[in-house]
Every structure is written in C-alpha cells, then in structure tokens.
Amino acid sequence: MPIQFDENGLKTQSLSEILNERKELYKASFSDSFNLKDTSPAGKTIAINSEREALIQEAIQGVYLSNYRLTAKGVSLDYNLEITGDTREEPTKGTAEVNLRGDPSLVISAGSLVVNVAGTPNSFISKEETTLGPNGWRNVTGFLFDGVTTVTANTATAHTWSNGDTVVISEAVQPGFDGTYLIFNVTPTAFDYTVPPGSGLPPFGDAAFASDENLVSLIAEDAGNIAAPAGSLTDVISPTVGVESSNNQDDADAGSDIETDAEARKRTTESLNIGGGGYREAIIAILLDTAGVTSATLFENNDGLIPTPSGGGIGTVECFVVGGTDNDVATSVLNSVSAGVQSFGNITVPLIDSQNQPVSVSFSRLSSVKIYVEVTRTINNDEAQGPVYPITGDDDIKTALAAIEFNPGQDVWETTLREAITSSVPGIVTLSIKFDTITPPVNTSPIAINQISAADIDSSDVTIA
C-alpha cells in the first residue's frame, strides 16, 4: 500500500505492515512455495529493504507533521511560528538583591561586584552603580532583651543612624538577634528594634555586627533558570576592596531557559485565543499576556443562580489574577470583557476608555496560602551503594520545593512535594515530609486550597532535618 492521505491526514505503514506486503509481492511474483523464511537470502533482503522503507516513511511523516504548529518540533516549529509573526522566547537572566556590608560610602559600580551562589559556579554581577551608606559596619558589644519583643543593641563606636532607619544585624552569637529591622529610641551608641513575640532569646548576647541596609541589585551572568535561594548569594569573588560580606534575604527571581517546544505551543495557542475577545478563553489569554501576570482564573454568573466567589450578581464576570500591576490588569479586563458585561471584584480601578469616557473596572486578587515544609531525610554517601547525595543537596531540596507552581484551587499533597524532591535530588535513602500553613509544620495530610487561592512555597520556609 503506498503512502496516502485520508480524513486523518498522512497515512504511513508500520514495519510489520511493510514486511508482510513485500512477502506477498514476492509470493505473487514467484510462488507460494518460494522460500521467504527470515534466514533465507530472500527473507533477509526483504527485511533490509523493508526497514529502509519504514525509515523513509517515518521521515516523510516528520516532514508532514512539521507543517503544523501542534506537531512541529525544533527548527520546524520555529519556522511554523514565523507564519503568525511569532518567535520562540529566548532565555532570560535572573535578578536578585543582596545586602552588602562594607566600607562607608564605598562605590559599587555596574559589573564590578561578582557574587557566586554558594557552592556553585553560578555568578551574579552588580547591575548599576550603588554607594554604600555611612555606616558600613559597626561592632555590636551587647544586646539587652526585655523578654517580650524589644531588643536594645549597643555599638562599640558612635553611629549616624536615626529613628526609622533600616539596620541589618548579622553574625550574632544567638542567631535570633539577626535580621533586618526598623530602629527606634536611637542614641549615639545604641538603638532599639522589635523581634517577634516568643522568640526565646536570652536576656543578653554579644559579638555581632550592624550595618546599613545596603541593597545592591544583581543580574545573573548567564541566562537560564539559575536558582539562588535566600541566604545563598554569599560568595564574593570579585576583587572589590572594602566589601565585607553579601547575603540575599529573598530568593532570586530566576531567569528562564530557552522556551521548549511544549511551552512555545502552549503560549502561541493562548496568544491566538486573544483574537477572539469576549469569550472566557480569550479573556484568560489576554490576562495571561499581561506583563507580570502569572495566573488568571475566570468566574461567570450568567443565570443569577450562583454568584461569583466575591458575590457578583447576574451578568457579571470576576477575574482572579496573580501578578501584574492593578492598572495593567484592569486595562486587560476592559479590553477583553464584552460590552454590557459588568466586571466584578474586590479591586476597582478607574480608567478612561477609547471614547475618553471614565469607566470603573473591577477584578480580584488570588490569595496566596503560605506553606511551610519540614523535610527529614537520610542520605547515601557511598558510591558503591548507588547515587550519592550532593554537597548542595539541602539547598537543592529547597529550590525544588520553591519551584512547584500550584494552580488556583490545587490542593497540596505529600506526593507532590515528594516527587519534586526525588526527581531533583539523588542520594536520598529515606524521606519524610511535614507541611502546614503554620510553623513549625505538623501536618502530613493533604491541605485543601479553595478555588480563589493558590499555595506557595518559599525556600526560606523549608527546613531540613
């Protein structure tokens, strides 16, 4: 049977179908008794030729499929995207903010500061010129804690801080004193700050440093999804004189790898939906195409029987959105919802429409449910026993959990957390996980998330036991 087209497109043959067809042709040309055993010369010839024909048909099928966006791969998909004026998204570089302790008034120029993610060769460099504050660092000679919430820090030398300044405390003997705080009750050699109730700090501690909150913006040296969890940007490798230390209090905003085939197909499908503004998939597509928006969910009240989650009546739509500025999101809602349909939500933004008329647009924000995780694991350090737990294993676990993207309304299951860890970190022998909306976590059962919320795990909220 030659290659042919039918209602399903291009139809090709399998290797077994080609083999059987060739054997029948040989029988018709010679006789039914002709020796076509697999070990016979004719049988071997048929097998060789059939395999070659199957490869040719497979190649033809690939060429055929490359003409369609949903089945094209690699460079063929790139060519296909060009038809609609689109291109594959290139990789981006991650960004981070670190707090530097260094000499007073030290100037950090763009590109002069290089900080590695601890234990890795991944580098972040300074994005722009920054001048450190007048209090590069001060020795703290002692803390007095009132046993409730107020700590008094005493400095060895005079400082120039004022009430309401932000000060970083680091390297205290009791780490509970460390952190970034707004200060008050300032004197030339002392100041107060507030710690959370129940911190369990001793009444006295010493041997710490205090410095200005010198936030310096960094950008990854290389593009790609480079993780830098909170507390990992500590390895200063540039020859910048006067920098004492570096640390990031929050996870870096990771960059992105070059868009995969699957990601390109999904994005372009959503982009094409935008052209059909007014129906639900088009509204969602337009919202997801808004700068900074990472999630969008749409609820409608068409018949008045079931209100939207926030109480929208008949003829209303309520969009729940994560990310993006209020103004940008409201503009996208205005440009996508059909005329005569009322937008509803807990955020209302006044806009001016294309006719220069004032209009109020409403939407809602998905609430974020913070999830705390405690991981207890035993590890393998013997190559003879299998994969070895890496030196960066604990940080890798935190990164893997923080990378989970929970959809709105998606419950948090232990199996989801376990799979994220085991698929990213080798050398784990046993693993138990507690996860909760409180800290320390005690729960091991699924956590239900309602339809207008989304779970979120930050690496700083993961502890490794």
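Note that the structure is a prediction, hence the values are computed from the model and not measured.

Attention now moves to the overall build of the chain. Looking only at helices and strands, one finds 8 helices and 28 strands in the chain. Each of the three principal axes of the chain carries a C-alpha extent, and together these read 110 × 70 × 45 Å. Expressed as a percentage of the 465 residues in the chain, the buried residues total 36%. Looking at the chain alone, contacts between residues at least 24 apart form 65% of all its contacts between residues at least 6 apart. The averaged location of the 61 negative side-chain charges in the chain is 12 Å from the averaged location of its 24 positive side-chain charges.

Moving on: helix H8 (residues 414-422). Of the residues making up H8, those classed as buried are Glu414, Leu417, Ala420 and Ile421. Here the buried residues of H8 occupy an arc of 135 degrees about the axis, which is enough to place them on one side. Exposed side chains of H8 directed beyond 90 degrees from the buried face belong to Thr415 and Glu419.

Glancing now at the side chain of Thr290. With respect to the helices and strands, the residue Thr290 is situated in the loop between helix H5 (280-288) and strand E19 (293-301). Overall, Thr290 belongs to the buried group, its relative accessible area being 8%. Here the side chain of Thr290 touches Ile286 through a polar contact of 3.0 Å, landing on its backbone oxygen. If we ignore the near neighbours within four places in the chain, the residues touching Thr290 are Asp328, Val329 and Ser332.

The mixed open sheet is built from 3 strands, whose spatial order is E26-E25-E28. On the outer flanks of this sheet lie strand E26 (428-436) and strand E28 (462-464), each paired with one strand and no other. Here the strands of the sheet are splayed against their neighbours by 20 degrees on average, with no regard to which way each runs. With 8 bridges joining them, strand E25 (residues 372-379) and E26 adopt antiparallel strand pairing. Within E26, the position partnered with Thr376 by the bridge is Ser432. Across the face of the sheet, helix H7 (residues 393-402) comes into contact with E25, E26 and E28 while running at roughly 150 degrees to E28. Against the sheet, H8 touches E25 and E26, its axis set at about 140 degrees to E26.

Let us look at a nonpolar patch on the surface. Taken together, the side chains of Ile3, Ile56 and Ile60 make up a nonpolar region of the molecular surface, amounting to roughly 230 Å² of accessible area. In this fold, Ile60 is placed in helix H2 (residues 41-65). With relative accessibility at 35%, the residue Ile60 sits in the partly exposed group.

Once that is clear, we can look at the pattern of salt bridges. One pass over the structure, following the stated rule, counts 8 salt bridges. The closest approach of N and O atoms between Asp326 and Arg365, which form a salt bridge, is 2.8 Å. With a gap of 39 residues between them, Asp326 in helix H6 (residues 326-336) and Arg365 in strand E23 (residues 358-365) connect regions that are remote in the sequence. Relative accessible area serves as the criterion here: at 34%, Asp326 is assigned to the partly exposed category. You can call Arg365 partly exposed: its relative accessible area is 23%.

It is worth spelling out the nonpolar core at this point. Membership of the largest hydrophobic core comes to 21 residues, with the highest contact counts inside it found for Val373, Leu401, Val412 and Leu417. Mapped by element, the contributors of at least two residues to this core are E25, H7, H8 and E26. In contact with Val412, other than residues within four places in its own chain, are Ile371, Phe406, Leu417, Phe435, Pro446, Ile447, Ile449 and Ala455.

All right, on to unusual backbone geometry then. Omega for the bond connecting Thr439 with Pro440 falls within 30 degrees of zero, at 0 degrees, which places this linkage in the cis form. Tracing the chain through its elements places Pro440 in the loop between E26 and strand E27 (453-456). Even without glycine at this site, Ser105 takes up a positive phi of about 65 degrees. For Ser105, the position within the fold is in the loop between strand E3 (95-102) and strand E4 (107-108). The backbone of Asn185 shows a phi angle near 50 degrees, a positive value even though the residue is not glycine.

About the criteria used
- Residues numbered from 1 in each chain as written.
- Predicted model: local features only at pLDDT ≥ 70, side-chain atom pairs only at ≥ 80, totals over all residues.
- Heavy atoms only, no water.
- Helix = DSSP H or I, 4+ residues; strand = E, 2+ residues; numbered from the N terminus.
- Buried < 20%, exposed > 50% of the residue type's maximum accessible area, 1.4 Å probe, protein only.
- Contact = heavy atoms within 4.5 Å.
- Lys, Arg positive; Asp, Glu negative; His and termini not counted.
- Charge placed at Lys NZ, Arg CZ, Asp CG, Glu CD.
- Arc of directions from axis to C-beta.
- Polar contact = N/O pair within 3.5 Å; in protein donor to acceptor, adjacent residues only side chain to side chain.
- Pairing = 2+ DSSP bridges.
- Axes fitted to C-alpha atoms, helices over the stretch in contact; angles between N-to-C directions.
- Patch = residues over 30% accessible without salt bridge, like charges linked within 9 Å, V, L, I, M, F, W, Y side chains within 5 Å.
- Areas by Shrake-Rupley, 256 points an atom, 1.4 Å probe, with all protein chains shown as cover.
- Salt bridge = Lys/Arg side-chain N within 4 Å of Asp/Glu carboxyl O.
- Core = buried A, V, L, I, M, F, W, Y, C linked by side-chain atoms within 4.5 Å.

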